[in-house]
Each structure stands twice: as structure tokens, then as C-alpha cells.
Amino acid sequence: MPPTPPPASRSHRRGSVERAQGRIGLAFVTPYALFLLAFGLLPTLYAIYLAFTKKGAFVGFANFLKVFKDYRFLPAVEHVGIFLVVWLVALVLLVVVLAIMVHSIGMRWLSGTMRFVYYIPGALAGASSVMLWLFVLDPTVSPVAFLLEAMGFDSLVSVVQADRLPFVLAIIAFWTGAGGWIVVMYGALNNIPREVLEAARVDGAGPIRTAWSIQIPLMRKWIAYMVVLSFAGGTQLFVEPRVLAQASRGVVSQDYSLNQLAFLYAFKQSDFNGSAAISLVLLAVALVLSIVFVFKGGLFERA
Amino acid sequence: MSAHENSGPARALTPAEWLGRAVTILVLITFALFFVVPLIWLLIAPTKTDRQLLLEMPFAFGDFSTLAANWTSLVTFQGGLIWQWIGNSAFYCGAALVITLLISIPAGYAMALTEFPGRRALLATTLVVMLVPGTALVLPIFLELSAVRLIGNPLAAILPFSFFPFGVYLTYIYFSTAVSRDLLDAARIDGATEFEVFLKIAMPLATPVIALVGFFNFTGNWNNYFLPYVTLPGKKAPIQVGLAELLSNVPAFNPTNAASTTISLSALALATLIAIAPVMIVFLFCQRFLVSGMTAGGTKE
């Protein structure tokens, strides 16, 4: 390459730099794109194939109709639905209120400590958080046995009765996940300019009025983000009811949630087609939510 | 705004404000207890016998010899099975961590700072897949892996664990905000090749995002239960699946269980503590750092 390129070859050089960038760009994303194919696209396509076939022959919606008619399907939808309502309402209300409250305390060390303490349980997920809650919910060993006894429970089995289970599952999910969201909302609140809040105070708005008319509207995108992710995650309910089923002497059933039912189809009935049909319904819900949110949610507008 | 209306923080609180502040702090402390009490209990429980767990004050410390006894009964359970589970977890998550970083960091860099055909489509797909919960793909991935006969092979955990679109997105955000194109162009004018630009200019600046992607990937995989539960049965299971396995050997939760070796409640609490320890330690040390990463998920300032 000449040490001082004349102007004519400069534009030529520019073009070659762009080509070199294009080459390295493609080389750098290829491994990732292959993983995206292998563990994103292909499983989805294969599940679609399985869901619409039986022993390799196209059967239309027969697999879907079979699982929809399964006596365990509607109860599972109902369980997941009730859990979602309880959990999302509690999550939105408490996370928003707690974030605004934490944000309102003037003492920095206290607000920092609070966020830290709320966030710690986020380290636990999967089986370990449910395991811990087995102890907490068992009145014979629970650290809060006095509360459980005051509510009239004398055993784990009585705590996890069917009508209370959505609340129990929501409490476990809230315990592990809420802290992270409080931290996110706190960040969103910090982005509101101080002058805006000051102006509201000068105009005579109290803390509740300020929260309702200024802070919450400005947190809207983040609240939507939380609801979308939590809704999609909540439909996938699996490990919590599974571990509870194992520990509750059958009070919590093995087919409580939709994912458990899909699991039973694959592992107990060796019916991969039925399993794929249920998985596909759940995946479709998550995909639609995700696509709508990415393109309409306003959080990724510059992407 | 007139100076007179600007009442500083030293202003005395009205009774209503005082009450509001008291209620706020009371609510916050109540929730702090809700979040932290189960964890404190978990730290204390392994120092007690089952009898002490049932009869004594929940937060009374037992003694170290009981802790040692619980430890012994746990690590000798089925010839040290718990170490095998922990080792499996470390192997799967460690290997996935390396692959994830090797794949995600260059991919995020390329999407942020280079132009190539299909860049926007890949970015949009990454966003969509990132918001789909991982569990939604577990059974489809299981079906796929069983079609290619990989079930029971360590790759059945390592490969899906290494697919981490959120990491690619974090890297993309980081490079498109924290590293300027001008800096890279300057290196190009000095004659650096594209690969040298990445390795010598971009990578040294990328340490924070590498740590962040690594942390989220590792902890997410360590805590993953559903995927390894279906793809890696038996002795190949990681610790999260192993914990649930232990549970079925605890007579207190399964009175009809006829297993010859059993696990006590306090040993199960100890196992839970061991299972969460690696993630918990990283969490406690990196809290400030993590918080900045969580909020980076969607903002581009």
C-alpha cells in the first residue's frame, strides 16, 4: 500500500475498507447466526413439523384437537391463568409502589441498602428457590411459623391446597424476581429530571399526585417491559409446581401447568406430537408478545 | 420560581408529611424482612438437627458439630453424589461460558460497528428471541436433540446454554454507545487490519460488557432446571436437578418413601445453601456493577 495515497485511490481505499468491514462483520456473526438457527429456528420448525404430523404423515390440527380435548388441558390453562392474574397484579402494584417509595427516601445509604436487600433473592432461581420456600411454607419448621399458624395452617399440605396455590406460586415468583424490577424502575425514576418534580411540588402536588401524574406515566415503557416479560415467563410455569408436587404428597398435581402437561406427553406417554402441539401454543403466545413489544413497545426504537 | 418558595430540605415536616415518611419506611422495612428472612433462616438451619428445627426458635443458632454431621451425611449420600452434581454444573456452565463469550462478543461488535448484508434483520431477530423466555424453547430443543440422539450427552446442556441472544444484545448496545467509530477509523488509517481493530482497540475497551455477559450467562445456566432436567437424566444431572432429586429422599416430605438412605431436613437445607453459594457469592460482590448492567438492557443514552 502506498504511504501517501493520491485522492483518486482514496475513495477506492474507502470502498475496500467497507468490503473488509463487511467480510469481518459476516465472519463475526456467523457462529452466532448458526446457534440462532440450531437453538432458535430449527427447534421451532421441528416442533411445527411434529405438531402437524403423526408418524410422519400430515394430520392437520388433529394433535392440537387431541390435547385441547384432554381432560387435563383446560384445568392447566385455568391454573396458569389465575396464577398470571394474581402475580401480574401484585407485581405491577408492589414494584411500582416500592420503587417510588425507595426513590422518595432522602437518605442515600438507606435507599441503597433497601435496593440491595430486595435484589439478593434474585440470585436464587430454579429448584433452589422453591426448595427454600418449602421450608418457609412448612409450619413445623418455618421461620414465620407464627404467621402461618395465625392463618390457621398446620402443615405444608394445608398451605398448598389448590385454591391457595396461585397465591403461593405468586409469592415465590415475587420473592425471586421483584427485586430486580424494583432496581430497574428505580433507574427509570432517576431519569426523570429533578426540575420536573420540583415544579410539580411548587404547583402544590403531593407525593401521591406526583407519582400518579408524573412518575408513573414516565415509567410506562418499563412497566410494559416488565409485564410482557413476566407474562411470557409466567405462562411457562414448570419448576415451582413440579417441586411442590414432589413434596406435597400429591396435593399439587403433576399436570398442574401447561408445561408440565407437555412434559408428561413427551416423557410419560411418549407422544412427541402432542407435546410439540402444547409447546407450540405456548411458544406462539411468547413470540407474538415479544414481536409486538419489540416493534411497538418504544423501548428499542433506535435498534 | 421565586427564592421564597424554595424551601430547602431543612424545612420542618408537617404532621402529614411526617406520617407519610413513617409509613414509607415501615413498608420498606417490612418488605426488606420478607426478602431477607428466608435467606437468614437458610444460613442457620444447617447448624441444627431436625429435632431442633422442629422445636427450637427458628433463628437460634445450633452448633458447629451438628453442621459437621449434616455435612458428612450430605457428602456421603450415595457415595458423594452431590459433588458429582456440582462438578457437572461447573463443567456445563463453564464450557457454555467460554463458548458464549467467544460467540457473543464478536457478534455484538459486528452488529454495532460494521456493515454487512442482513444486519438489521439479525438485530430484530435477536431482540425478538431475547424476549421469548428460555423455557418456551426447552421442549422443542429436547425434541430436536432427541432426533439427533444427543440426549444424555453433555453437549445437550452446553450447546443450548451457549445460545445467549441477550448477551449479543448487551454487547451490541455497549459497542454502539461506548466505543466511537472515529476511534476505530483512526486505527484503520494507521494501517490496522479489521481483525487488529477488533482485537487491539475494541476488546480492551470491552472488559465491563464481557464481565456482564459472562455473569448473566453463568448464573442463568447455573440456576436452569427445566432444560437439563429433560436433556440430561440420571448421574449427568447438574446440581439444580440434583436438589429436586434429594428432595425425594427426605422422609419429612415423602413419608411413603422406602429409600434405604435418607436425607434429613437440615442436610437438605445445607444442600440448598451449597447449590446457591457460587451464584450468591458473585451476586454479593458485583451488586453495583450488575445494577448498571440491568438498566442498560433497554436504554441508549
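About the criteria used
Residues numbered from 1 in each chain as written. Chains lettered and ligands numbered in written order. Predicted model: local features only at pLDDT ≥ 70, side-chain atom pairs only at ≥ 80, totals over all residues. Heavy atoms only, no water. Helix = DSSP H or I, 4+ residues; strand = E, 2+ residues; numbered from the N terminus. Contact = heavy atoms within 4.5 Å. Areas by Shrake-Rupley, 256 points an atom, 1.4 Å probe, with all protein chains shown as cover. Rg over C-alpha atoms; globule rule 2.2 N^0.38 Å. Lys, Arg positive; Asp, Glu negative; His and termini not counted. Charge placed at Lys NZ, Arg CZ, Asp CG, Glu CD. Buried area = accessible area lost by both parts, 1.4 Å probe. Salt bridge = Lys/Arg side-chain N within 4 Å of Asp/Glu carboxyl O. Expected span 1.5 Å × (residues − 1). Buried < 20%, exposed > 50% of the residue type's maximum accessible area, 1.4 Å probe, protein only. Arc of directions from axis to C-beta. Domains from an automatic or database assignment. Polar contact = N/O pair within 3.5 Å; in protein donor to acceptor, adjacent residues only side chain to side chain. Patch = residues over 30% accessible without salt bridge, like charges linked within 9 Å, V, L, I, M, F, W, Y side chains within 5 Å. 1 Å grid on protein atoms, 1.4 Å probe; cavity = no way out; pocket = protein on both sides within 12 Å on 5 of 7 lines; lining within 4 Å. Points joined across faces, edges and corners; volume = space filled by probe spheres on them. Nonpolar A, V, L, I, M, F, W, Y, C, P; charged D, E, K, R; others polar. Phe/Tyr/Trp six-rings, centres within 6.5 Å; stacked < 30°, edge-to-face > 60°. Lys NZ or Arg CZ within 6 Å of the ring centre and 35° of its normal. Core = buried A, V, L, I, M, F, W, Y, C linked by side-chain atoms within 4.5 Å.

A few points about the overall build of chain B
A tally of helices and strands in chain B yields 15 helices and zero strands. In chain B, the proportion of contacts linking residues at least 24 apart, taken out of those at least 6 apart, comes to 71%. Here chain B has roughly 13,200 Å² of accessible surface; of this, 68% comes from carbon and sulfur atoms.

Focus: the overall build of chain A
Within chain A, the regular secondary structure consists of 13 helices and two strands. Taking 2.2 N^0.38 as the reference for a compact globule, 303 residues should give roughly 19 Å; the C-alpha atoms of chain A span a radius of gyration of 26 Å, well beyond that estimate. Based on the C-alpha atoms only, the size of chain A along its principal axes is roughly 90 × 70 × 30 Å. Surface accessibility of chain A: about 14,000 Å² in total, with carbon and sulfur atoms responsible for 68%. Within chain A, one finds 23 positive and 14 negative side-chain charges whose respective centroids are separated by 15 Å.

Quick notes on the interface of chain B and chain A
Contacts between the two partners involve 106 residues from chain B, matched on the other side by 103 residues from chain A. Between chain B and chain A the total buried area reaches about 9,300 Å² when both faces are included, carbon and sulfur atoms providing 77% of it. For chain B, the biggest contributors to the area lost against chain A are B:F35, B:L131 and B:F253; these three give 8% of the whole. Counting across the interface, chain B meets chain A through zero salt bridges.

Overview of helix α3 (residues 64-75) of chain B
Residue and element names in this part refer to chain B. Taking 1.5 Å per residue, twelve residues should reach 16 Å; α3 reaches 16 Å between its end C-alpha atoms and fits that length. All buried positions along α3 are accounted for by T66, N70, L74 and V75. The buried residues of α3 occupy an angular sector of 160° when the element is viewed end-on, so they sit on one face. Of the exposed residues in α3, the ones pointing more than 90 degrees away from its buried face are F64 and S65.

A closer look at the domain arrangement of chain A
Residue and element names in this part refer to chain A. Domain boundaries assigned for chain A yield domain 1 (7-51) and domain 2 (64-296). The centre of domain 1, based on its C-alpha atoms, is set 37 Å off from the matching centre of domain 2. Taken together, the five residues of domain 1 in the interface contact seven residues of domain 2. For the pairing of domain 1 and domain 2, the buried interface totals around 500 Å² over both sides, and the portion due to carbon and sulfur atoms is 77%.

Regarding the domain arrangement of chain B
Frequently, the measure chosen for interface size is the accessible area removed from exposure when the parts meet. Assigned domains within chain B: domain 1 (11-75) and domain 2 (81-247). The gap between the C-alpha centroids of domain 1 of chain B and domain 2 of chain B is 36 Å.

Let's talk about unusual backbone geometry
Positive phi, close to 50°, is recorded for A:K55, a residue that is not glycine. For B:Q78, which is not glycine, the phi torsion reads 45° and is therefore positive. For B:Q78, the position within the fold is in the loop between α3 and α4 (81-113). For B:Q78, a relative accessible area of 45% puts it in the partly exposed group.

Comments concerning the side chain of B:S248
By the secondary structure assignment, B:S248 is in the loop between α13 (239-247) and α14 (265-285). A polar atom in the side chain of B:S248 sits 2.6 Å from the backbone oxygen of B:E245.

Brief notes about the environment of B:A267
Residues and elements named next belong to chain B. Mapped onto the elements, A267 comes out in helix α14. In sequence terms A267 and A45 are 222 residues apart; their C-alpha atoms lie 8.7 Å from each other. Apart from residues lying up to four places away in sequence, A267 is in contact with N70, S73 and L74.

Considering a nonpolar patch on the surface
Residues and elements named next belong to chain A. Together, L34, L37, L41, L42, L45 and I48 make up a nonpolar patch on the protein surface, roughly 520 Å² of accessible area in all. The topology assignment puts I48 in helix α1 (residues 7-51). Given the relative accessible area of 33%, I48 is considered partly exposed.

Remarks on the layout of surface pockets
Roughly 740 Å³ of volume is contained in the second largest pocket. When the residues that make up the lining of the second largest pocket are grouped by side-chain class, the tally is 26 nonpolar, one polar and one charged.

Quick notes on the packing of aromatic side chains
Tallied over the entire structure, the rule returns 45 aromatic pairs over all chains. On the numbers, 6.3 Å between centres and 55° between planes, the contact of A:F64 with A:F68 is tilted. Placement of the pair is A:F64 and A:F68 together in helix α2 (residues 62-69), with a separation of four residues, close to one helical turn. Taken together, a centroid distance of 5.5 Å and an interplanar angle of 70° make the contact between B:F215 and B:F216 edge-to-face. For the pair shown, B:F215 and B:F216 are each scored as buried. Here the aromatic residues A:F238, A:F263, A:F267, A:F272, B:F142, B:Y225, B:F226 and B:Y229 are joined through ring pairs into a cluster of three or more. Between A:R115 and the ring centre of A:Y186, over which it is positioned, the NZ or CZ distance is 3.7 Å.

What about the nonpolar core?
Note that soluble globular proteins tend to have their nonpolar side chains buried in a common cluster. In terms of nonpolar packing, the biggest core is built from 206 residues, with A:Y118, A:F300 and B:F175 touching the most fellow members. Top contributing element to this core by residue count: helix α8 (residues 165-190) of chain A, with 17 residues.

Remarks on the pattern of salt bridges
Think of it this way: side chains of opposite charge can pair up when their charged atoms draw near. Tallying each qualifying case throughout the model produces seven salt bridges over all chains. Of the charged contacts in the structure, one is a salt bridge between A:D70 and A:R72, with a shortest N-O distance of 2.9 Å. Classification of A:R72 as buried rests on a relative accessible area of 13%. Here B:D185 makes a salt bridge to B:R188, at a shortest N to O gap of 2.8 Å.

A few points about the side chain of A:T210
The topology assignment puts A:T210 in helix α10 (residues 207-235). When near neighbours in sequence (up to four residues on either side) are disregarded, A:T210 contacts A:L197, A:A200, A:A205 and A:Q215.

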